[in-house]
Amino acid sequence: MPKSKKTDLLSLLENHVDETSSLNWSGTLADYIQLVLDNPEIHMSSHTRVLKMIESHGIERAEDNSVKKYNFFDNDLFGIDESLSEIISYLKAASAGSEVSRRILLLYGPTSSGKSQLSVLLKKGLEAFSKTELGQTYCLEESPMYEDPLTAVPKALRQKFLDDYGVKIDGQLSPYMDLVLKEKYEGDFLRLPVKRMFFSEQSRIGVGTFVPSDKKSQDVSELVGSMDLSKIGQFGSESDPRAYRFDGELNVANRGIMEFVEMLKVDQKFLYVLLTLAQEKNIKTGRFPFIYADEFLLAHTNETEYKRFLAKDEMEALHDRIIVVKVPYNLQVSEEVRIYEKLIGQARFNGVHIAPYTLYCAAMFAILSRLKESKNNGLTPLNKMKLYDGEEIEGFSQTDIPTLRKEFEAEGMSGVSPRYIINRLSSALAQDNTSCITPIDAIRVVRDGFASNPKLDKDEIERLENILTTVIEEYSKVARNEVQKAFFVNFEAEIQNLLSNYMDHVGAYLDGARIEDEWGEYSPPNERLMRSIEEKVGITESGKNSFRQEIYRKMLKSARTNGGAYDYREHARLREALEKQLFDERQDVIRLTVSARNPDEEELKRVNVVVQTLCDKHGYNAESANKLLRYVSSLMARN
């Protein structure tokens, strides 16, 4: 008899408990040293640990073996690859033991650009990593700061570890563990108990988070710990480390990550504590010597606070202890769509159907609001958006993107946030009796939110209205295209045949050769066919040669990477030309069918076939497909 789902779930939970328990390890420092000698890589700094955690999820490389992307970020952070690359560079330099490890990494950018999400991702990733074999981490069992066991090794013996095993030992025992070693273990450091530790923000082990609050009431003890008044009488002195609570965020974050939320909003006395930690890797508290701490200091703030901070001359020392990474809004439409898909997927909207291009239209609006208009007259904001998203734009290539980005250093630092878009889409999805939302619905709810947004003045609303007009125009083209494709029994096969035919004639034209027909007769390339396609995208008679050479070169490259078959999508203008050629051949049939107010039996049958095709092949449901046909019908009625 098969197991019930409840039994399976209980078994899964029991197995998880068993697996977690099996990870535990305890022993003496002597036992731990043997582990290190057998596998020196288990001894690593906080920065190295974070870097290895990221790399353990896999690295995708380009043809030249350079890093294309880190899989760790792939499903959570979108369109900020440049920022992530800078963060990885910081971690690599810090892991190498350079002075970079004595710097605070500060992320700054607009709200909802991914700064907090990145911090959360790294903290959760570190927690999971510490439970793997590669991420195993050990600490002194009695230390309230989860100290590295090797900090108990006398400095006179450390060079031997470095020379023979490449194990570099930094820091020293905390005042508390120094006292424990002397009084409880009589100085025999090899007897100190060691255990495996598992990072946990909830349990405050190796992960700390500091959030600024009222400057008048917030005390620095939240960072560095405080005296335990109940124990002062027991131990007789405020300078006895046993009467101190090592429970500040900097204490518990030792060996791992310390996150500072809106760091630059805190009182300056907090920043001086950070300065000491960044510069000396030490925490300074009253009545105690420096307390060594090895932690990845990660802070984030908004652009306004950052600029205000730079203007303060008295904070010059801290300026030099910070490495800044700008985290702008994503500028790629396809990545913006992924953001919305992820956020919407986290909620439950009772199976509401989202029609194709709904999220795309919302993403277009968001991206266009963030782009600056180029001084290059040949590049409209819409074309710039497409170029950034990997599309081919006449007169530009992907190699031009770095130059375009440099034209406006602040591009992506302002505009509509993903949070605004998701708020508006969610309001549409959550409406009673809503079974589907379309691109028109998305555009409408985005526009409806302008009036209630206190951050938008009259000029900004006008600018955003103009952007929405561009989005509507672009969607109208897409909508026509969707309907036109649905009228073909097999659109892909037909456009591929047209492409192959065109390429045969172009190849013969460029080679000065003749074309053999099905009867074995040879004739010159069909100039009329080639020009009818080329004229669809405005290729002039004088420009046809360079266009054909470019197409032929591009399609040959496409064929080499696609098993000998051309891919018309590899060239945006060629794709547009081929689609227009096919559509023009059936324009009258499409117009009559879609625009018929009282369709006859034959027209109704054709409409039903189109609706079914949109549902089966293009991701629509019956409701959204019919709404699409009505919209295209209204467009055709205007022309």
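Fair warning: this is a prediction, and the values are worked out from it, not measured in the lab.

Draft legend 1. Expanded view of the packing of helix α3 (residues 46-55) against helix α5 (residues 115-129). At a minimum axis separation of 10 Å, α3 and α5 run at an interaxial angle of 85°. Comparing the axis directions of α3 and α5 gives the class roughly perpendicular. Residues Arg-49, Val-50, Lys-52, Met-53 and Ile-54 of α3 lie in contact with α5, whose contacting residues are Leu-122, Gly-125, Leu-126 and Phe-129. Taken together, the residues of the contact of α3 with α5 break down into 6 nonpolar, 1 polar and 2 charged.

Draft legend 2. Spatial organisation of the packing of aromatic side chains. Throughout the structure, instances matching the rule amount to 11 aromatic pairs. Between the aromatic rings of Tyr-90 and Phe-296, the centroid separation amounts to 5.8 Å while the plane-to-plane angle is 35°, which identifies the pairing as tilted. Of this pair, Tyr-90 sits in helix α4 (residues 81-95) while Phe-296 is found in strand β13 (residues 296-301), placing the two residues 206 residues apart along the sequence. For Tyr-90, a relative accessible area of 3% corresponds to the buried category. Take Phe-296: its relative accessible area is 0%, and that puts it in the buried class. Pairing Phe-210 with Phe-270 gives two aromatic rings, centres 5.4 Å apart and planes at 40°, and the pair type is tilted. Of this pair, Phe-210 sits in strand β7 (residues 207-210) while Phe-270 sits in helix α11 (residues 268-280), and the two are 60 residues apart along the sequence. Members of the aromatic cluster, each reached through a chain of ring pairs, are Trp-25, Tyr-32 and Tyr-138.

Draft legend 3. Representation of the pairing of strand β6 (residues 193-197). Along β6, 4 of the 5 residues are buried, which leaves the element largely enclosed by surrounding structure. In terms of strand pairing, strand β5 (residues 137-140) meets β6 through 4 bridges, oriented antiparallel. Bridging from a neighbouring strand, Cys-139 pairs with Lys-195 of β6.

Draft legend 4. A negative patch on the surface, seen in detail. On the surface, a cluster of negative charge is contributed by Asp-313, Glu-314, Glu-316 and Asp-320. Considering the arrangement of structural elements, one finds Asp-320 in the loop between α13 (316-319) and β14 (322-326).

Draft legend 5. Seen up close, unusual backbone geometry. Not every positive phi belongs to a glycine, and Glu-186 is a case in point at roughly 50°. Its place among the elements puts Glu-186 in the loop between α7 (175-183) and β6. On the basis of relative accessibility, which here comes to 68%, the residue Glu-186 falls in the exposed class. Phi at Tyr-357 is positive, roughly 75°, even though this residue is not glycine.

Draft legend 6. Here's a closer look at the environment of Gly-79. Mapped onto the elements of the fold, Gly-79 is located in the loop between β3 (67-70) and α4. Overall, Gly-79 belongs to the buried group, its relative accessible area being 18%. Sequence spacing of Gly-79 and Gln-332 is 253 residues, and the spatial spacing of their C-alpha atoms is 6.2 Å.

Draft legend 7. Here's a closer look at the sheet that holds strand β1 (residues 26-28). As summarised here, the arrangement of the 3 strands in space is β1-β6-β5, forming an open sheet in which the pairing is antiparallel. What marks the edges here is a single partner per strand, and that holds for β1 and β5. Taking the axes of each pair of neighbouring strands and ignoring which way they run, one obtains an average angle of 35° across the sheet. As paired elements, β1 and β6 share 3 bridges and run antiparallel to each other. Paired with Gly-27 across the two strands is Val-194, which belongs to β6.

Draft legend 8. Structural view of helix α15 (residues 358-370). For α15, with 13 residues, the first-to-last C-alpha span of 19 Å sits near the 18 Å given by 1.5 Å per residue. Burial runs high along α15: 12 of the 13 residues are buried. Buried within α15 are the following residues: Thr-358, Leu-359, Cys-361, Ala-362, Ala-363, Met-364, Phe-365, Ala-366, Ile-367, Leu-368, Ser-369 and Arg-370.

Draft legend 9. Structural context of the sheet that holds β14. Sheet architecture is open: 5 strands sit in the order β7-β10-β13-β4-β14, paired in parallel fashion. The open sheet has two edge strands with one neighbour each: β7 and β14. On average, each strand axis in the sheet is inclined to that of its neighbour by 20°, with strand direction left out of account. Where strand β10 (residues 257-261) and β13 come together, 5 bridges link them in parallel fashion. Considered in β13, the bridge of Glu-259 is made with Leu-298.

Parameters at a glance
- Counting restarts for each chain: residues are numbered from 1 in the order of the written sequence.
- Per-residue local features of the predicted model are confined to residues with pLDDT of at least 70, and side-chain atom pairs are confined, for both listing and counting, to 80 or more; whole-chain, interface and lining totals are unaffected and use all residues.
- To obtain the side-chain values, all non-hydrogen atoms of the structure were used and water was disregarded.
- Axes here mean lines fitted to C-alpha atoms, for a helix over just the part in contact, with angles spanning 0 to 180 degrees between N-to-C directions.
- Going along the chain from the N terminus, every DSSP run of H or I of four or more residues is numbered as a helix, and every run of E of two or more is numbered as a strand.
- Convention used here: angles under 35 degrees read as roughly parallel, angles over 145 as roughly antiparallel, angles from 65 to 115 as roughly perpendicular, and any remaining angle as oblique.
- Any two residues having at least one pair of non-hydrogen atoms within 4.5 Å are treated as being in contact.
- Any residue outside Ala, Val, Leu, Ile, Met, Phe, Trp, Tyr, Cys, Pro, Asp, Glu, Lys and Arg is labelled polar, Gly included; the first ten of those are nonpolar and the last four are charged.
- Aromatic pairing here means that ring centres of Phe, Tyr or Trp (its six-membered ring) are within 6.5 Å. Orientation follows from the plane angle: under 30 degrees is stacked, over 60 is edge-to-face, and everything else is tilted.
- Each residue gets one of three labels from its accessible area relative to the maximum for its type: buried under 20%, exposed over 50%, partly exposed in between, using a 1.4 Å probe on protein chains only.
- Any two strands with at least two DSSP-identified bridges between them are counted as paired.
- Patches draw on residues past 30% relative accessible area with no salt bridge. Two like charges within 9 Å are joined, as are two nonpolar side chains (Val, Leu, Ile, Met, Phe, Trp, Tyr) within 5 Å.
- Throughout, the Shrake-Rupley method with a 1.4 Å probe supplies accessible areas, and for residues the shown protein chains are the sole cover considered.
- We define a salt bridge as a contact between a side-chain nitrogen of Lys or Arg and a carboxyl oxygen of Asp or Glu at a distance within 4 Å.
- His is not counted, nor are the chain ends, whereas Lys and Arg count as positive and Asp and Glu as negative.
- A charge is said to be at NZ when it belongs to Lys, at CZ for Arg, at CG for Asp and at CD for Glu.
- Helix span, as expected, comes to 1.5 Å for every residue beyond the first.

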